[in-house]
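Report on the structure
Each chain is listed here by its residues.
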Amino acid sequence: MDRIDVVRKGARPIPRLAVALVPLGFLGIFYFYPLGGIFHRSFFSGEIFSMATLLDLATSRRMAGIVWFTFWQAGISTLLTLLCALPCAYVMANFDFKAKKLIMTLATIPFVLPTIVVAAAFQALAGENGLVGGINLEHSIAMIFLAHVFYNFSVVLRITTGFWSFLRQEMGEAAAMLGATPGQVFFKVTLPLLRPAILASAILVFIFCFSSFGVILVLGGPGFSTVEVEIYRQAAHLFNLPGAAVLSLFQICFTFGMMWIYTTLQKRITTFIPQSQSHALKPVNTLKEKLMVASCVGFILVFCLSPMAALVVKSLVFDGSLSLAFYRELFQNTSGSLFYVSPVDAVENSLVFAAATLALAVVIGVCAASTIQRTGKRIGAFLDPIFMLPLSTSAVTLGFGIIITLDKPPLNLRTSVMLVPIAHTLVAFPFVVRSVLPAISSIPASLREAASLLGATPARVWFHVDLPIMARAITAGAVFAFTMSLGEFGATLFIARPEYSTMPVAIYRFLGQPGTMNYGQAMAVSSMLMLVTAVGFLFIERFRSFGDRGF
Amino acid sequence: MNEFVLKNIYKSMGAYGVLEQIDLSMEKGERVCLLGPSGCGKTTLLRIAAGLEQPDSGDVIFRGRSLLDIPPHKRNFGMMFQDFALFPHRNVFDNIAFGLEMKKWKKSEITDRVHGMLELVDLEGYGQRRVDELSGGQRQRVALARTLAPEPDLVMLDEPLGSLDRRLRERLLADLCSILTQTGVTTIFVTHDQNEAFAAADRICMMNNGRIQQIDTPESLYANPSTPWVADFLGFQNVIKGRRGDDGRVEAGHATFIPKQAMDDPKRTMEPLFLLLLPDAATPVTPEAYGLLPNNRIRGVLVDRFFQGSYQKISMNTEAHGRLVFEVPSTLVLPNPGEPLFLKINPRGLRVLG
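Bear in mind the structure is a predicted one, so any value in this text is a computation, not a measurement.

Turning our attention to the overall build of chain A. Each helix and strand in chain A was counted, giving 23 helices and eight strands. Taken against the 2.2 N^0.38 rule, which gives 24 Å for 551 residues, the C-alpha radius of gyration of chain A at 25 Å falls within 12% of a compact globule. Seen through its principal axes, chain A has C-alpha atoms that stretch 65 × 65 × 50 Å. Considering only residue pairs separated by 6 or more positions, chain A has 81% of its internal contacts joining residues 24 or more positions apart.

It is worth spelling out the overall build of chain B at this point. Summing up its helical and strand segments, chain B has nine helices and 20 strands in all. In terms of its C-alpha atoms, chain B occupies a principal-axis envelope of roughly 80 × 45 × 35 Å. The buried share among the 354 residues of chain B stands at 36%. Considering only residue pairs separated by 6 or more positions, chain B has 66% of its internal contacts joining residues 24 or more positions apart.

Quick look at the sheet that holds strand S2 (residues 18–26) of chain B now. Residue and element names in this part refer to chain B. In spatial order, the strands read S2-S1-S4-S5; together these four strands make up an open sheet with antiparallel pairing. Two strands close off the open sheet at either side, each with one partner strand: S2 and strand S5 (65–66). When strand S1 (residues 4–12) meets S2, the two strands line up antiparallel, connected through six bridges. Its bridge partner being in S2, Leu-6 is matched across the sheet by Leu-24. Packing against the sheet, helix H1 (residues 42–50) makes contact with S1, S2 and strand S4 (57–62), and its axis sits at approximately 120 degrees to S1.

Take the confidence of the model for chain B next. Confidence in the prediction of chain B, expressed as mean pLDDT, is 88, and 97% of residues score 70 or more. Prediction confidence for the complex, expressed as pTM and ipTM, is 0.79 and 0.78 respectively.

On to the interface of chain B and chain A, then. In this assembly, 17 residues from chain B lie in contact with 17 residues from chain A. Those elements that provide at least two residues to the side of chain B that touches chain A are strand S6 (77–80) and helix H2 (92–102) of chain B. When grouped by side-chain class, the residues that make up the side of chain B that touches chain A number twelve nonpolar, four polar and one charged.

This part is about the nonpolar core. Residues and elements named next belong to chain A. In this structure, Ala-120, Ala-147 and Ala-481 are the most contacted members of the largest nonpolar core, which totals 257 residues. Ranked by residue count, the leading element in this core is helix H7 (residues 141–166), at 16 residues. Residue contacts for Ala-120: discarding those within four places in its chain leaves Leu-311, Ile-507, Leu-511, Ala-522, Met-523 and Ser-526.

Another point: the pairing of strand S16 (residues 297–307) of chain B. Residue and element names in this part refer to chain B. Relative to strand S19 (residues 340–345), S16 is paired through five bridges, and the arrangement is antiparallel. The residue bridging Gly-300 from the neighbouring strand is Leu-341, located in S19. Where S16 folds back onto strand S17 (residues 311–318) in an antiparallel hairpin, the turn is made up of three residues, including Gly-309, whose phi is positive at roughly 100 degrees.

Take the pairing of strand S11 (residues 239–244) of chain B next. All names here are of chain B. Note: S11 against strand S14 (residues 272–277), five bridges, orientation antiparallel. Bridge pairing in S14 places Arg-243 opposite Pro-272. As judged from the two bridges shared by S11 and strand S12 (residues 250–252), these two strands associate in the antiparallel manner. Bridge assignment links Arg-244 to a residue of S12, and that residue is Val-250. With antiparallel pairing between neighbouring strands as the criterion, S11 and S12 make up a hairpin whose turn holds five residues, including Asp-247 at a positive phi of roughly 55 degrees.

Our focus in this paragraph is the domain arrangement of chain B. Residues and elements named next belong to chain B. The domain architecture assigned to chain B consists of domain 1 (4–228) and domain 2 (237–353). Placing a centre on the C-alpha atoms of domain 1 and another on those of domain 2 gives a separation of 41 Å. Listed by partner, the interface residues are five residues for domain 1 and five residues for domain 2. Looking at the side of domain 1 that touches domain 2 residue by residue, the classes come out as two nonpolar, three polar and no charged.

All names here are of chain A. When cut into domains, chain A gives domain 1 (1–34 + 324–376 + 416–551) and domain 2 (74–226 + 265–319). Of the residues lining the interface, 26 residues belong to domain 1; the matching set on domain 2 comes to 26 residues. For the side of domain 1 that touches domain 2, the elements supplying multiple residues, two or more each, are helix H14 (325–332), helix H20 (458–487), helix H22 (503–512) and helix H23 (516–543). Considering each element in turn, the side of domain 1 that touches domain 2 owes the most residues, twelve residues, to H23. Looking at the side of domain 1 that touches domain 2, its residues break down into 15 nonpolar, eight polar and three charged.

Moving on, we come to the sheet that holds strand S13 (residues 255–257) of chain B. Residue and element names in this part refer to chain B. Pairing in this open sheet of five strands is antiparallel, and the strands run S13-S12-S11-S14-S20 from one edge to the other. Every interior strand has two partners, whereas the edge strands, S13 and strand S20 (350–353), have only one. Sheet twist, expressed as the average angle between the axes of neighbouring strands with direction ignored, equals 40 degrees.

A separate point is helix H18 (residues 419–441) of chain A. For H18(A), with 23 residues, the first-to-last C-alpha span of 32 Å sits near the 33 Å given by 1.5 Å per residue. Burial within H18(A) is extensive, with 20 of its 23 residues counted as buried.

Okay, helix H9 (residues 182–210) of chain A next. Between the first and last C-alpha of H9(A) there are merely 37 Å, a value that for 29 residues lags more than 12% behind the 42 Å anticipated at 1.5 Å per step. Residue A:Arg195 marks the point of greatest curvature in H9(A), where the axis turns by about 45 degrees; the proline A:Pro196 follows within four residues.

As a further point, take the environment of A:Val112. In this structure, A:Val112 sits in helix H5 (residues 100–112). For the pair formed by A:Val112 and A:Gly536, sequence separation is 424 residues and the distance between their alpha carbons is 9.3 Å.

Tracing the backbone through its elements, the reader meets B:Met80 in strand S6. B:Met80 sits 35 residues away from B:His115 along the chain, and the two C-alpha atoms are 19 Å apart.

Take the environment of B:Ile298 next. All names here are of chain B. Along the chain, Ile-298 falls in strand S16. Given 26 C-beta atoms within 10 Å, Ile-298 falls into the buried group. Those residues in contact with Ile-298 that lie beyond four places of it in its chain are Ala-255, Thr-318, Leu-324, Leu-343 and Ile-345.

Moving on: the packing of H2(B) against helix H3 (residues 107–120) of chain B. Residues and elements named next belong to chain B. In the contact formed by H2 and H3, the axes pass within 10 Å of each other and the chain directions differ by 125 degrees. In this view, H2 runs oblique relative to H3, as classed from their interaxial angle. Two packed elements cross with a definite hand, and for H2 against H3 that hand is right-handed. Contact residues: H2 offers Phe-93, Ile-96, Ala-97, Leu-100 and Glu-101, while H3 offers Ile-110, Arg-113, Val-114 and Met-117. Its residues assigned to classes, the contact of H2 with H3 comprises seven nonpolar, no polar and two charged.

All names here are of chain A. Averaged over all residues, the pLDDT of chain A is 84; the fraction at 70 or higher stands at 92%. Ranking the helices and strands of chain A by mean pLDDT puts helix H4 (residues 61–94) first, with 92, and helix H1 (residues 2–11) last, with 44. Here residues 1–11 scores under 50 on pLDDT; set against residues more than four positions off or in separate chains, the count is four contacts. A low-confidence stretch, residues 545–551 stays under pLDDT 50, and its non-local contacts, those more than four residues away or across chains, total 13 contacts.

With that settled, the discussion passes to unusual backbone geometry. Most peptide bonds take the trans configuration, and most residues that are not glycine carry a negative phi. Residues and elements named next belong to chain B. One non-glycine residue, Ala-85, adopts positive backbone phi at about 50 degrees. Position of Ala-85 among the secondary structure elements: in the loop between S6 and H2. A tally of 24 C-beta atoms within 10 Å means that Ala-85 is categorised as buried. In this structure, Asn-296 is a non-glycine residue whose phi angle is positive, near 50 degrees. With respect to the secondary-structure elements, Asn-296 resides in the loop between helix H9 (287–292) and S16.

Cut-offs and rules
- Residues numbered from 1 in each chain as written.
- Chains lettered and ligands numbered in written order.
- Predicted model: local features only at pLDDT ≥ 70, side-chain atom pairs only at ≥ 80, totals over all residues.
- Helix = DSSP H or I, 4+ residues; strand = E, 2+ residues; numbered from the N terminus.
- Rg over C-alpha atoms; globule rule 2.2 N^0.38 Å.
- Contact = placed C-beta atoms within 7 Å.
- Buried ≥ 20, exposed ≤ 12 C-beta atoms within 10 Å, placed from the backbone.
- Pairing = 2+ DSSP bridges.
- Axes fitted to C-alpha atoms, helices over the stretch in contact; angles between N-to-C directions.
- pLDDT = per-residue confidence, 0-100.
- Nonpolar A, V, L, I, M, F, W, Y, C, P; charged D, E, K, R; others polar.
- Core = buried A, V, L, I, M, F, W, Y, C linked by C-beta atoms within 7 Å.
- Domains from an automatic or database assignment.
- Expected span 1.5 Å × (residues − 1).
- Bend = angle between axes of the 7 residues up to and from the residue.
- Parallel < 35°, antiparallel > 145°, perpendicular 65-115°, else oblique.
- Left-handed = near helix turned anticlockwise from the far one by under 90°.

And the structure:
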């Protein structure tokens, strides 16, 4: 192994450095520099160090309330998600039944939907004039919980199901042979063994709910504010930048801490998984088992499909009858005066930004993955988490950091079209890395050596060996970057100039306006966005070559 | 009364075929080994005995009582799994204590018992170790201690040495046997390795394709394999086809053999059968001496000979029976490969197979 490394190091040091500089430079300018800006704003007014803003916020009763609310809503949301997902995970991990894969895919779709679409869907389902008549949960805490469970259900489901089906059957059998009743087997053996997986998924869900933005902003209304929403309100409505910076700093530190716990647990999981294949799934035989499977499948179908269905129905019903009026309206833009940008332009902006994000994310992601793979174990293990950092930073803090630092020399991008795709790339390229890295590491060195001994230049080796093998993984990453960009809301709301508004921003503005036509158009744009993301996700599911742990 | 009985068990094993007509009785304290190639149904049979699987038909009887309605956790049987299935979230002590906790033993009794078990398996001082810090051999002993700690009425061991490397196996097998002997527990032991079975078992139950082929003590199994398959599995190479003749004779090719062993049913003459020639049954003779022998003789061409220390292995081609392999003393002078070879066969070295 060492010998090969030496050969590689000797072969082409300059391109390797250049390749490494692409992702590192990008992160440095568009991630660490804005982060530094937030830090600076928090402690300095002008050039003078001051703890005043920090102390102001720390002693504010309102802020204490917001922080407390952020914590407990995330806590309750996580608990509810676990309660719904764990019984389903039991069924999914232990029984074999028809259409199981389909059900799993269906359950995952909510997670890939843009948050603003989730928010719109729940408004369509249970909001004012929602599909479910008689209940109006708009601007209620119940609505926030529902949306959070809907969105995060599959995180717990997938992680625990994956882990559970790798638990060896003999563990339970060994316990039974030692006299444990089925109940004791579950509580003394299965549950303790599942604990790291449950904990890891719970932490992930907690982080997501903790930094939830679109759902709280839209469904909670003015009555509810989390740290994330407050950053936006302080910065965009009250222009209190130092205050927003301090809140961002709090948000960053907290999510980093949680992410660190999560990755530590993840490592425990991978070392904890016994080295065996998944155990044999049981066929569904008894009435009790049939009932369990039926209720699991029924729950997933109803819970995951109803908000999405409500959204589509609401977008297609105009004045009590089926009609495409809202969709037509989008492209006519009679009410253009209300908006900074017409819906057609928003669609166009979204597509252009998504294409740009795709290109940027693929280039940076592939460079990052190559760098991790080629720098060997020690440096690679250090670089890998650094490239993942943007994922641990909430979209709103990213957006906020960018607007307070990149709006003046040395780097003034305030009016640049590229600002939005750059922000989207920050969030998208780590996924390209995750997708490409396993593929790139799977290429044996001997393959490249064989090609070069056959006379291929380094560039041609890369083109003829690396690229074809990585192609599937790159495609999956690219599609992800594209759909992610289409749905990104938090950062875009911050940084997109009015003329560069995207579809999610348009939905948010439509939802904020009174009138059936605005509401209907919000539903129509959301439906379109939902369709595109769902299709993109299905495409990735069919295409991806890496393992089951997609989170 | 038999301690443990498997009675006329049938069980479909999916892709592995079926278990058919399994009958096996065990005495108290007896150690029976299920021996056969992988996929022969021995593990399935073990799981049926444990209650982890239900037979399609037949009965599992312990001390005169059917166990079919009793779930595994109420049978008070112990089972050691192939890769030990130690609980990774519990340390060595807590693994061994698990069965005792399930039986609601008192804390102090549990501590005493676990320490006793650790001593028995020679792992004193290992109680607080994590399971993943142990070597393969240590894990095996922890698994054994965990299985034996709750004083099970019957112990089942599924390939107890299967996941260990060869050198370790021989030593651990001896330890395992001495521990089992000390506790005197009735044991069913599954293996595909005949040396293990010979060393560990009071009786061996040979299985193939879901059926029992032969149940016997190791000595009589080796001395009298009852079918060509058993002979083949035990490594015997010289099985030749023949027919039953008169007066306990066997006609094979143009030769006649008269085994020392009595034939069970002399009436069914001309019935086809198999004859096993034990590897040490042959003595080389001169062509003249060969000519004087009325029966129990073989001639052929020497193909190869291999020096093996105290004996040499000879491989010969015969017109009548194909390739045969024998072991003869190294001191004998043999013809060169390619030359004819004449053998006298000792009637004690002949076995008629069903």
